[in-house]
Amino acid sequence: MEVDVAIIGAGPAGSTLAALLAGRGFSVAVVDRDTFPRDKLCGEFLSWDALPIADALGVTAAIDEAGAPRIANCRIVGNRRDYEFALPHEARGVSRLLFDELLLRTAVTRGATALDGWTATALGETITLTRGGETRSIRARVTVGAWGRWGRFDQQLGRAFVRDRAHRSFGFKRHYTGDPPRDAIELFSFRNGYLGVNEIEGGRTNICGLVAADRLTGHKGRWDAFVDELRDDEPVLDAMYARYAPAQESFLSSEPVIFRARSPVEGGVFMIGDASGIVDPLTGNGMAMALQSALLVAPRIAALLNGRERIEVENEYRRAHHEFFAPRIAWSRRVARLLSRPRLLDAALSTRAKLGPFFVRHTRDDRDVVARMTGAWFSIQ
Ligand SMILES: Cc1cc2nc3c(=O)[nH]c(=O)nc-3n(C[C@H](O)[C@H](O)[C@H](O)COP(=O)(O)OP(=O)(O)OC[C@H]3O[C@@H](n4cnc5c(N)ncnc54)[C@H](O)[C@@H]3O)c2cc1C
């Protein structure tokens, strides 16, 4: 198979880029080892600064139709006090089962070829894909890494963060039935971690947490035992979990989350989404960043395919990526450190009433800026 662009990974970043470039007439293949629709570890809080792009692709209308709830407030539940504030714009609660499927189908409708169920196993002049005993290859003028926060190619490309064993965290999530926090996302703090609770479509509630690896010693991936321990330690969490009954058979977890800087271009591969940098999950901005990084790289890849010098394009994308994302990544770590220390959080909440809106503002992009960038891309179609 020969294409202009091969994208490895059909999460929000890869499928968005596929939709953008295929809509411009480029030939695009988007590959994913999973067969869609598929579930994914995530808080499933879709930030408002993702919506201009999702709107333009028709995906917001589809999630609204599916009943994705609107989230207008954030409630931080401390040990001694709660603190609630209005979000500057409404977010949505939407499952990854639905959102990722919609984005991939949108890419296909706009002309991309979806190769879900195929794992990319070798990168080079041609990309090798395997499925069961079958093999096929793709020759692409541009290769894009959208494989998420951790993949086999990070090792092959010698990316430094892979060797970092000191800053690892793990996420866990499960859907529940019960009384969802209507209209709000709730954030809970515990030692070395935190939890987010919000409603998604179908009246379900997603409870998703992140915990530092050293707090998991002895649990060996048994998330039910870990959650029992949390409930024993933290009465606030026990009361929260008591409001719900599991709606999924088990917890979902996945690769480690490593908070180390990574480069947006590596060995000629353009990285987007988590593969290009990780904003702390606490912010609920990872999917927005995935969509925005696709929007940021799309005009650069279009220019490259239209004959612009590769080195210029790579350097420009590196610069733009740094300007756009580095400040919010740095702020996200500061906020996460506070939320993983219940006592400090209680003290901060009692003294600094404007803390929440301040952090929210600094950990995402301005929705209007994203709307202008989206308008600029779609005005050329
Ligand atoms: C605990 C936790 C909670 C979070 N909560 C939120 C939240 O509430 N809101 C939010 O916006 N973000 C949240 N995030 C972040 C969000 O999940 C990510 O930022 C987002 O999924 C990144 O999208 P992506 O497209 O870059 O990667 P992914 O969604 O990870 O997609 C990568 C895809 O690549 C595929 N892939 C990998 N390797 C290969 C290969 N070799 N061949 C083929 N396919 C491959 C995978 O199967 C996967 O489908 C959370 C993250 C964590 C860890």
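In this report, the structure presented in the accompanying data block is examined. What you see is a predicted model, and the numbers here were worked out from it, not measured in a lab.

**Some thoughts on the site of the ligand**
Okay, so step 1: Neighbouring the ligand are 39 residues, the closest being Gly-11, Gly-43, Gly-171, Gly-273 and Gly-286.
Okay, so step 2: For the shell around the ligand, the elements supplying multiple residues, two or more each, are α1 (12-23), β2 (28-32), β7 (119-122), β13 (205-212) and α8 (286-305).
Okay, so step 3: It is α8 that provides the largest number of residues to the shell around the ligand, a total of four residues.
Okay, so step 4: Per-class residue counts for the shell around the ligand are 19 nonpolar, 13 polar and seven charged.

**Remarks on unusual backbone geometry**
Okay, so step 1: Of note, the amide linkage connecting Phe-36 to Pro-37 takes the cis form, showing an omega dihedral of -5°.
Okay, so step 2: Inspection of the secondary structure assignment puts Pro-37 in the loop between β2 and β3 (45-46).
Okay, so step 3: Phi is positive for Glu-44, which is not a glycine, with a value near 65°.
Okay, so step 4: Relative to the helices and strands, Glu-44 is located in the loop between β2 and β3.
Okay, so step 5: According to the C-beta neighbour criterion, Glu-44 is buried, with 29 such atoms within 10 Å.
Okay, so step 6: With a phi close to 65°, Asn-192 is a non-glycine residue in the positive phi region.
Okay, so step 7: Considering the arrangement of structural elements, one finds Asn-192 in the loop between β11 (184-190) and β12 (193-199).

**Topic: helix α7 (residues 235-242)**
Okay, so step 1: Those residues of α7 not exposed but buried are Leu-237, Met-240 and Tyr-241. Buried residues along α7 cover an arc of 95° about the axis, so they all sit on one side. What points out from α7, more than 90 degrees from its buried face, is the exposed set Pro-235, Ala-239 and Ala-242.
Okay, so step 2: Those residues of α7 hidden inside the fold are in contact with β11, β12, α6 (223-233) and β14 (244-246).

**Looking at helix α9 (residues 310-339)**
Okay, so step 1: In a regular helix each residue adds 1.5 Å, so 30 residues correspond to 44 Å; α9 covers 42 Å between its end C-alpha atoms and thus fits that length.
Okay, so step 2: Of all bends in α9, the biggest is about 40°, found at Phe-325, and the proline Pro-327 comes one to four residues later.
Okay, so step 3: When we look at burial in α9, the residues that qualify are Val-313, Tyr-317, His-321, Phe-324, Phe-325, Arg-328, Trp-331, Ser-332, Val-335, Ala-336 and Leu-339.

**Some points on the pairing of β13**
Okay, so step 1: β13 sits mainly inside the fold: seven of its eight residues count as buried.
Okay, so step 2: Pairing of strand β10 (residues 168-178) with β13 involves eight bridges; the strand directions are antiparallel. Residue pairing in the sheet places Lys-173 in a bridge with Cys-208 of β13.
Okay, so step 3: Direction of pairing for β12 relative to β13: antiparallel, over a ladder of seven bridges. Pairing of Val-197 across the sheet is with Ile-207, part of β13.
Okay, so step 4: The loop that links β12 with its antiparallel partner β13 comprises five residues; one of these, Gly-202, has a positive phi angle of about 80°.

**Details of the packing of α8 against α9**
Okay, so step 1: Between α8 and α9, the shortest axis-to-axis distance is 10 Å and the interhelical angle comes to 160°. Taken together, α8 and α9 sit at an angle that is classed as roughly antiparallel. Crossing of α8 over α9 shows right-handed handedness. Taken together, the residues of α9 that come into contact with α8 (itself represented by Met-289, Ser-293, Leu-296, Val-297, Arg-300, Ala-303 and Leu-304) are Arg-310, Val-313, Glu-316, Tyr-317, Ala-320, His-321, Phe-324 and Phe-325.

The rules behind each value
- Residues numbered from 1 in each chain as written.
- Predicted model: local features only at pLDDT ≥ 70, side-chain atom pairs only at ≥ 80, totals over all residues.
- Near = placed C-beta within 6 Å.
- Helix = DSSP H or I, 4+ residues; strand = E, 2+ residues; numbered from the N terminus.
- Nonpolar A, V, L, I, M, F, W, Y, C, P; charged D, E, K, R; others polar.
- Buried ≥ 20, exposed ≤ 12 C-beta atoms within 10 Å, placed from the backbone.
- Arc of directions from axis to C-beta.
- Contact = placed C-beta atoms within 7 Å.
- Expected span 1.5 Å × (residues − 1).
- Bend = angle between axes of the 7 residues up to and from the residue.
- Pairing = 2+ DSSP bridges.
- Axes fitted to C-alpha atoms, helices over the stretch in contact; angles between N-to-C directions.
- Parallel < 35°, antiparallel > 145°, perpendicular 65-115°, else oblique.
- Left-handed = near helix turned anticlockwise from the far one by under 90°.

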